[in-house]
Structures are given as C-alpha cells and as structure tokens.
Amino acid sequence: MRDTLFKLMNTGLKEYETIERKEWVLKHFGQIVSTIAQIMWCSYTEASIQEVNSNSNALIEWYEENVAQIQQLTELVNTKLDPIKRKIIVALVTNDVHARDIIEGLVMANVNHLNDFNWQKQLRFYWDEEKAEQQSFAGSCYAKQVSAKLGKKKTKYN
C-alpha cells in the first residue's frame, strides 16, 4: 500500500506542472490530489515569499492566481461529473479557499521572509526529492509547523 501511494504521489507531482490543474485533478485519486495540492501550494507560497524583496507584488500575484484556480474548479464542479470526482473537487475547493485566506493574511502582515512567524505557524507540506529518488516512502512526504517536522520515519519494521 505504501509503495503504491508513493508511486501515485511521485507521478502526480511530476504531472502537476505538465497539464492544466483542472485536468490534473480529474486524473488522480482524492488522497493524491489533496496531498500534492498542499505540497505545491506550499512550494509556490514559499517561492512568492522569497520573491517579495525583488517584486513587492509577488504574494499579491500568487493570491490572484489562487483566486483564478478556485474559479476554474468552481466552473468544473458545475459540469457533469461522477460523484467521486465531484467530492474530490469540492474538497479541493474548500482547501483552496483556506489557502487563499492564508495568503491574504501573509499579504496583510507584510511577510517577506520564510522565518516570519505568520508563515511558520501554518501547517506546511513538503516532498523530499532526494528520498523520492531513492524510492523511499519513509520521509518523502512530510509536514512542518513552526519547528516541528512530522513524517514517517523508517523503522526496522517497514
């Protein structure tokens, strides 16, 4: 099961930037969509925060892109979909709205550094490429919040 999830996550991550997001959502399972969407949102948000010093509108531009993504998913959910795909999209819209609100808060707080507490306090998801290349499920996907790092550690039992 872990190997299958690892392979699906790895494939989903690679495809995320190669096809339109609304097509990507329809192509993958809900657990994969939910997790990868959070990993990619975190990655793009961090890139935008780092860019703020050279482009003061970086986070605002990322906020606007999030609004556009929500609009695309809203249009998609209003099409004829099978019930499972509809649930996946509705869950993603809910998560995307929360993510949009976080970005708005970062803009309002003038966040311009990754160590800013307004960013650090968020639950952030990451994908460790090095562990993924080693095909190690343990630790490939992990979450961070403030100074805590949560992820599956490899034990002698797995």
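What you see is a predicted model, and the numbers here were worked out from it, not measured in a lab.

What to know about the side chain of Glu 46
Then, in step 1: Within the fold, Glu 46 resides in helix α3 (residues 30-51).
Then, in step 2: Those residues within four positions of Glu 46 in sequence are excluded, and the remaining contacts are Leu 114, Trp 119, Arg 124 and Tyr 126.

Describing the sheet that holds strand β3 (residues 148-151)
Backbone hydrogen bonds are what pair the strands of a sheet, in a parallel or an antiparallel way.
Then, in step 1: The antiparallel open sheet is built from three strands, whose spatial order is β1-β2-β3. For this open sheet the edge positions go to β1 (124-127) and β3, each flanked by a neighbour on one side alone. Averaged over all pairs of adjacent strands, the angle between their axes in this sheet comes to 30 degrees, without regard to strand direction.
Then, in step 2: The pairing of β1 with strand β2 (residues 141-145) spans four bridges and is antiparallel. Following the sheet pairing, Arg 124 is matched in β2 by Lys 144.

Things to note about the packing of helix α4 (residues 58-77) against helix α5 (residues 83-108)
Then, in step 1: Two elements in contact, α4 and α5, have axes separated by 9 Å at closest approach and are oriented at 160 degrees. With respect to each other, α4 and α5 are oriented roughly antiparallel. Crossing of α4 against α5: the hand is left-handed.
Then, in step 2: Across the contact of α4 with α5, the residue classes tally to 18 nonpolar, one polar and four charged.

Each value, and the rule that gives it
Residues numbered from 1 in each chain as written. Predicted model: local features only at pLDDT ≥ 70, side-chain atom pairs only at ≥ 80, totals over all residues. Heavy atoms only, no water. Helix = DSSP H or I, 4+ residues; strand = E, 2+ residues; numbered from the N terminus. Contact = heavy atoms within 4.5 Å. Pairing = 2+ DSSP bridges. Axes fitted to C-alpha atoms, helices over the stretch in contact; angles between N-to-C directions. Parallel < 35°, antiparallel > 145°, perpendicular 65-115°, else oblique. Left-handed = near helix turned anticlockwise from the far one by under 90°. Nonpolar A, V, L, I, M, F, W, Y, C, P; charged D, E, K, R; others polar.

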